[in-house]
Amino acid sequence: MPKAIRNPSNAIIEALSKRNKATWAELIEETHLSKGALSQYLTELIKEKRINTDSDVTKRPPRTLYSLVDPIQAAIKDAPKGFFVDPNNEKKIDYVGLAIYIGDIISKVKDRE
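Residues numbered from 1 in each chain as written. Predicted model: local features only at pLDDT ≥ 70, side-chain atom pairs only at ≥ 80, totals over all residues. Heavy atoms only, no water.

Visitor: Lay out the packing of helix 1 (residues 8-18) against helix 2 (residues 24-31) with the relevant residues and their values.
Guide: The contact between helix 1 and helix 2 brings their axes to 9 Å, and the two run at 115°. With respect to helix 2, the axis of helix 1 lies roughly perpendicular. Handedness of the crossing formed by helix 1 with helix 2: right-handed. Facing Ala11, Ile12, Ala15, Leu16 and Lys18 of helix 1, the residues of helix 2 in contact are Leu27, Glu30 and Thr31. Classifying every residue of the contact of helix 1 with helix 2 by side-chain character gives five nonpolar, one polar and two charged. (Axes fitted to C-alpha atoms, helices over the stretch in contact; angles between N-to-C directions. Helix = DSSP H or I, 4+ residues; strand = E, 2+ residues; numbered from the N terminus. Parallel < 35°, antiparallel > 145°, perpendicular 65-115°, else oblique. Left-handed = near helix turned anticlockwise from the far one by under 90°. Contact = heavy atoms within 4.5 Å. Nonpolar A, V, L, I, M, F, W, Y, C, P; charged D, E, K, R; others polar.)

Okay, structure coming up:
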């Protein structure tokens, strides 16, 4: 019986949504992808800034941990400096502007799926 066709990127994202962080070996177990396919699609997702990498230096050799990027935090980080500052009071955040900007980012994320 042939295997069901599925998008490898979605398989990686599903595996990372079940766990907070995962190693390479854990991703291979969860996704059932080949090493080459996992490498290719993981690199693609990292370049698209949909997956973040962290290093666990407490282990020898250090392990790379993969996690999903929070789109809201990424939007705030990528916004120009002072973009969400209230024009009437420089020390306050313009929450309306922030909400509109994040709503736009979320709609773009939904369009990608």
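Visitor: I'd like a description of the pairing of strand 1 (residues 51-56), backed by residues and values.
Guide: Sheet topology places strand 1 next to strand 2 (residues 63-68); six bridges connect them, and they run antiparallel. Across the sheet, the residue bridging to Thr53 is Tyr66, located in strand 2. The turn joining strand 1 and strand 2, which pair antiparallel and follow one another in sequence, is formed by six residues. (Pairing = 2+ DSSP bridges.)

Visitor: Requested: an account of helix 1, with residues and values cited.
Guide: Restricting attention to buried positions, one finds in helix 1 the residues Pro8, Ser9, Ala11, Ile12, Ala15 and Leu16. When helix 1 is viewed along its axis, its buried side chains cluster within an angular range of 165° and face the same direction. Within helix 1, the exposed residues directed more than 90 degrees away from the buried face are Ser17 and Lys18. (Buried < 20%, exposed > 50% of the residue type's maximum accessible area, 1.4 Å probe, protein only. Arc of directions from axis to C-beta.)

Visitor: Residues and numbers for helix 3 (residues 35-47), please.
Guide: Compared with the 18 Å implied by 1.5 Å per residue over 13 residues, the 18 Å span of helix 3 between its first and last C-alpha is a close match. By the burial criterion, the buried members of helix 3 are Ala37, Leu38, Leu42 and Leu45. One side of helix 3 carries all its buried residues, which in axial view fall inside an arc of 115°. Summarising the contacts, the buried residues of helix 3 are in contact with helix 1, helix 2, strand 1 and strand 2. Looking one or two residues past helix 3, Lys49 carries a phi angle of roughly 60°, positive in sign. (Expected span 1.5 Å × (residues − 1).)

Visitor: A description of the pattern of salt bridges should follow, citing residues and the corresponding values.
Guide: Within this structure, the stated rule accounts for five salt bridges. A cluster of three or more residues bridged by salt bridges with shared partners is formed by Arg19, Glu26 and Glu30. (Salt bridge = Lys/Arg side-chain N within 4 Å of Asp/Glu carboxyl O.)

Visitor: Break down the packing of helix 1 against helix 3 for me, citing the residues and quoting the values.
Guide: Where helix 1 meets helix 3, the axes come as close as 9 Å, and the angle between the chain directions of the two elements is 75°. With respect to their mutual orientation, helix 1 and helix 3 come out roughly perpendicular. Residues Pro8, Ser9, Ile12 and Ile13 of helix 1 lie in contact with helix 3, whose contacting residues are Leu38, Tyr41, Leu42, Glu44 and Leu45. Here the residues of the contact of helix 1 with helix 3 sort into seven nonpolar, one polar and one charged.

Spatial relationships are all this shows, so hold off on functional conclusions.
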